[in-house]
Every structure is written in C-alpha cells, then in structure tokens.
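# Commentary on secondary and tertiary structure
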Amino acid sequence: MSKRCAFSGHRPFYFPWKENESDPACIHLKAALEAEINKAVADGFFYFIVGGADGVDTWAAEIVLEKKKTNPEINLELAKPFADYNKHLQNDYGRRLRAIEEAADRVTAVSDGADEAADYILRDCYMVDASERMIIVYDDDSKGPSGTKDALLYARSSGVEIRQILVPNKLCGETIMNSSFRKKYGLNIIAIQKGHNT
C-alpha cells in the first residue's frame, strides 16, 4: 500500500494577499508547496488527501492532479467534512473545487453534516489518522482559532511526520527573483518537524 500524505492550510482570507494569486508571495508559497509534493513523491508517497477548502487545499489538489497526468501511480482523495461541503460556493474557488471533486480518485464524506463544527474536526482527524506525513501551511504568528492549527497540534500528538511551510507576513510583496530568504531574513521557509521535535 502506498504511503499517504495529507494537507492542511489556511484559506485565502488568512493571507495578506487574500485571493490575489498573482501576488509574488502567493506564487512563492505555491512553489514551496509543489517542492514539498515533489519531495513526497520522491519519498514514496503516491496517495494524497486534501480537505476540499479554498486556499491551500485547492492549490495542493491542483498541483497533485497536474502531477498525476505524468505519473498514474499518484492518487488524490478529497476528504469532505460532509457531503454538501462548499456546494454553495459560486465563485472561482467553487468552480475549481467542483473540478477537483470530479477528478479525484476517491471522495470521502467523513460525517453527515448534522453538526458542522464537529464535522470539520472529524475531517481533520480522519486526514491525520490516515496519513504518515502532513504538509501544513501555517503561520505560527496566527492568532485566534484555526482548523489548521488544530490539525497541526493533533498531528504532533499523533507522531505523524510534519512538513510545515511558514509564510511570514514580512515576505509579502517581495518578488521571487529578489527574495533571498536565508540572506535577507535569516530564515528558511520550510520547517521540518516530527512529533514534538523540531
């Protein structure tokens, strides 16, 4: 059985660029996400699970589906908290999410939608429990409640390998060509964690 990798990450409104995917910082984040997917495939992960939200889930699914065109071993599972999740979206993300659902190898509705708040938690737990690795896009400076933060904490407590992509606010607006993250900011974009060890 193929090793499994799941994703968790912010929706667009958490990022300074909102829905402007042409912002250089968003382009850089997507490149970092693709690099992590490439590494996962190189490490023997061919089964990917996304949660079906706009933002990081959508970007990850689209990258995985693009890779599937040249590597038929790759599979994508869409794990929705309940069957009608995001059916109301009529914007560009709604169109993209419907295309992802049609192209996915498997679609799982984790719960019945009777308690949506609980269903989101169940969906995140399902994804963590089904995976050996999580790729998580999460800004450690984020304040307030966050499903991504909850998924990260649960993954840490479960001992799942975590590959975290950090997106500090001060990097927004930088062009990719001008950004030398290590030189300019003294940091690496990707932090690698396993369990509680950094």
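Residues numbered from 1 in each chain as written. Predicted model: local features only at pLDDT ≥ 70, side-chain atom pairs only at ≥ 80, totals over all residues. Heavy atoms only, no water.

### Observations regarding the pattern of salt bridges
Pairs may arise between side chains of opposite charge once their charged atoms sit close together. A full pass over the atoms with the stated rule returns 15 salt bridges. A salt bridge links Glu21 to Arg96; the shortest N-O distance between them is 2.7 Å. Here Arg96 lies in helix H3 (residues 92–103) and Glu21 lies in the loop between strand E1 (3–9) and helix H1 (24–42), a separation of 75 residues in the sequence. The burial state of Glu21 is the same as that of Arg96; both residues are buried. (Salt bridge = Lys/Arg side-chain N within 4 Å of Asp/Glu carboxyl O. Helix = DSSP H or I, 4+ residues; strand = E, 2+ residues; numbered from the N terminus. Buried < 20%, exposed > 50% of the residue type's maximum accessible area, 1.4 Å probe, protein only.)

### Some words on the pairing of strand E3 (residues 75–82)
Every regular strand shows the same layout, with side chains that alternate between the two sheet faces. Along E3, seven of the eight residues are buried, which leaves the element largely enclosed by surrounding structure. Handedness of the crossover is the feature at issue here: the chain leaves strand E2 (residues 45–50), passes through helix H2 (residues 56–68), returns alongside E3, and the resulting connection is right-handed. Inspection of the sheet shows E3 paired to strand E4 (residues 106–111) by five bridges, in the parallel sense. When the bridges of E4 are listed, Leu78 appears paired with Val107. Between the parallel pair E3 and E4, the chain is carried across by H3, and the sense of this crossover is right-handed. (Right-handed = clockwise from strand over helix to strand, strands pointing away. Pairing = 2+ DSSP bridges.)

### Focus: the layout of surface pockets
In this model, the largest pocket occupies a volume close to 260 Å³. Surrounding the largest pocket, 17 residues form its lining, Gly9, Arg11, Arg123, Gly147 and Thr148 being those nearest its centre. Elements with a contribution of two residues or more to the lining of the largest pocket: E1, helix H4 (116–129) and helix H5 (147–158). At four residues, the largest contribution of residues to the lining of the largest pocket is made by H4. (1 Å grid on protein atoms, 1.4 Å probe; cavity = no way out; pocket = protein on both sides within 12 Å on 5 of 7 lines; lining within 4 Å. Points joined across faces, edges and corners; volume = space filled by probe spheres on them.)

### A short note on the pairing of strand E5 (residues 133–137)
Among the five residues of E5, five are classified as buried, and the element is accordingly described as predominantly covered. Relative to E5, E1 runs parallel, the two sharing five bridges. The residue of E5 that forms the bridge with Ala6 is Met134. As paired strands, E5 and strand E6 (residues 161–165) are joined by five bridges and run parallel to one another. Across the sheet, the residue bridging to Arg133 is Glu161, located in E6.

### Things to note about the confidence of the model for the protein
Confidence in the prediction for the protein averages 84 pLDDT; 81% of positions are at 70 or higher. Here strand E7 (residues 190–194) stands out as the least confident element of the protein, with mean pLDDT 41; E2 is the most confident, with 98. In this model, residues 171–198 is a region of pLDDT below 50 whose contacts with residues beyond four sequence positions or in other chains number 60 contacts. (pLDDT = per-residue confidence, 0-100. Contact = heavy atoms within 4.5 Å.)

### Details of unusual backbone geometry
One non-glycine residue, Lys18, lies in the positive phi region at around 55 degrees. Inspection of the secondary structure puts Lys18 in the loop between E1 and H1.

### Digging into H3
In this model H3 runs 17 Å from its N-terminal to its C-terminal C-alpha over twelve residues, within 8% of the 16 Å that 1.5 Å per residue would give. Looking only at H3, the buried set comprises Tyr93, Gly94, Arg96, Leu97 and Ile100. All buried residues of H3 fall inside an arc of 165 degrees around its axis, so they share one side. Those residues of H3 that are buried are in contact with H1, H2 and E3. For H3, the capping residue at the N-terminal end is Asn91, with a side-chain oxygen 3.2 Å from the backbone nitrogen of Tyr93. (Expected span 1.5 Å × (residues − 1). Arc of directions from axis to C-beta. Polar contact = N/O pair within 3.5 Å; in protein donor to acceptor, adjacent residues only side chain to side chain.)

### Thoughts on the side chain of Glu161
For Glu161, the location among the structural elements is in strand E6. A polar contact of 3.1 Å, which involves the side chain of Glu161, links it to the side chain of Arg133.

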